[in-house]
Amino acid sequence: MPASPAMPTPENLPGSATDVDFVLSRGWSLRRRVLPQHTDHAGVMWHGAYVAWLEEARVEALAAVGLAYSDLAARGLELPVVSLAIDYRQALRHGDRVEIRSQALPRRGVKFPWRSLLLDGSGGVAAEARVELVAVAMEGPGRPPRLLRRLPEDLERAVTALVAGPVQ
């Protein structure tokens with residue numbers, strides 16, 4: 001069995017000198033191409049398309065560790081975004097190939113932080129995103145979601161696997 005990837009440490013959490021390298025070496029990967037529907041009238045990728053790709057990357061990473069988001073939703077569990085920040089560094093344009101590299105970071109209380117880099121075809125960082133999620137149970141029509149402080153066992157295992165990163 002391959003060695004497990006290094007766990008995030010204070011040295012490689014967002015804002016440190018080595019965090020970009022950590023996401024690049026241990027992050028979950030999703031590849032996409034900028035299509036016409038992702039762009040504005042000038043052929044530049046529209047900001048909302050970044051958000052959709054970030055979500056797709058998280059959902060695909062969750063599936064890769066054995067837990068489909070659709071299964072969570074069928075059980076009345078959701079992982080809504082409670083915080084989102086994107087730093088745009090260079091424009092992505094119609095036709096560009098893009099790799100979204102994402103790293104799930106250790107939980108901070110009830111929050112599940114993620115760090116993502118959107119890389120252009122040459123590997124340059126086009127954008128950097130920070131997202132925080134929480135787990136909630138949907139309580140039924142007209143009732144507010146209930147914040148989960150303790151996760152169901154399968155979701156806890158999945159979160160642990162997400163933080164560990166893909167098997168190298």
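Residues numbered from 1 in each chain as written. Predicted model: local features only at pLDDT ≥ 70, side-chain atom pairs only at ≥ 80, totals over all residues. Heavy atoms only, no water.

A separate point is the sheet that holds strand β4 (residues 97-104). Pairing in this open sheet of five strands is antiparallel, and the strands run β1-β4-β5-β6-β3 from one edge to the other. Pairing within the sheet leaves two strands with one partner each, and these edge strands are β1 (28-33) and β3 (81-88). Within the sheet, the average angular offset between the axes of one strand and its neighbour, ignoring direction, is 20°. Examined bridge by bridge, β1 and β4 share six bridges and lie antiparallel to one another. Paired with L30 across the two strands is I100, which belongs to β4. Contacts from helix α2 (residues 47-64) reach β1, β3, β4, β5 (112-119) and β6 (125-133) within the one sheet, and its direction differs from that of β1 by about 135°. (Pairing = 2+ DSSP bridges. Helix = DSSP H or I, 4+ residues; strand = E, 2+ residues; numbered from the N terminus. Axes fitted to C-alpha atoms, helices over the stretch in contact; angles between N-to-C directions. Contact = heavy atoms within 4.5 Å.)

Right, let's get into the side chain of E99. Take E99: it is sitting in strand β4. A relative accessible area of 13% places E99 in the buried class. A distance of 2.6 Å separates the side chain of E99 from the side chain of S29, its partner in a polar contact. (Buried < 20%, exposed > 50% of the residue type's maximum accessible area, 1.4 Å probe, protein only. Polar contact = N/O pair within 3.5 Å; in protein donor to acceptor, adjacent residues only side chain to side chain.)

Enumeration over the complete set of coordinates arrives at one aromatic pair. Here the aromatic rings of Y50 and Y88 are separated by 4.9 Å at their centres, their planes lie at 85°, and the arrangement is edge-to-face. Here the residue Y50 occupies a position in helix α2, and Y88 occupies one in strand β3, the gap between them amounting to 38 residues. Given the relative accessible area of 2%, Y50 is considered buried. (Phe/Tyr/Trp six-rings, centres within 6.5 Å; stacked < 30°, edge-to-face > 60°.)

This next bit is on α2. With 18 residues, α2 extends 26 Å from end C-alpha to end C-alpha; this agrees with the ideal 26 Å at 1.5 Å per step. Those residues of α2 that sit buried are G48, A49, Y50, W53, L54, A57, R58, A61 and L62. The positive-phi residue at the C-terminal boundary of α2 is G66, with phi of around 95°. (Expected span 1.5 Å × (residues − 1).)

Turning our attention to the sheet that holds strand β2 (residues 77-78). Pairing between the strands of a sheet comes from backbone hydrogen bonds, and it takes one of two forms, parallel or antiparallel. The strand order across the open sheet built from three strands is β2-β7-β8, with neighbouring strands paired in antiparallel fashion. Every other strand in the sheet has two partners, leaving β2 and β8 (146-147) as the edge strands with one partner each. Judged from the two bridges that link them, β2 and strand β7 (residues 136-137) form a sheet pairing that is antiparallel. Bridge pairing links E78 to V136 in β7.

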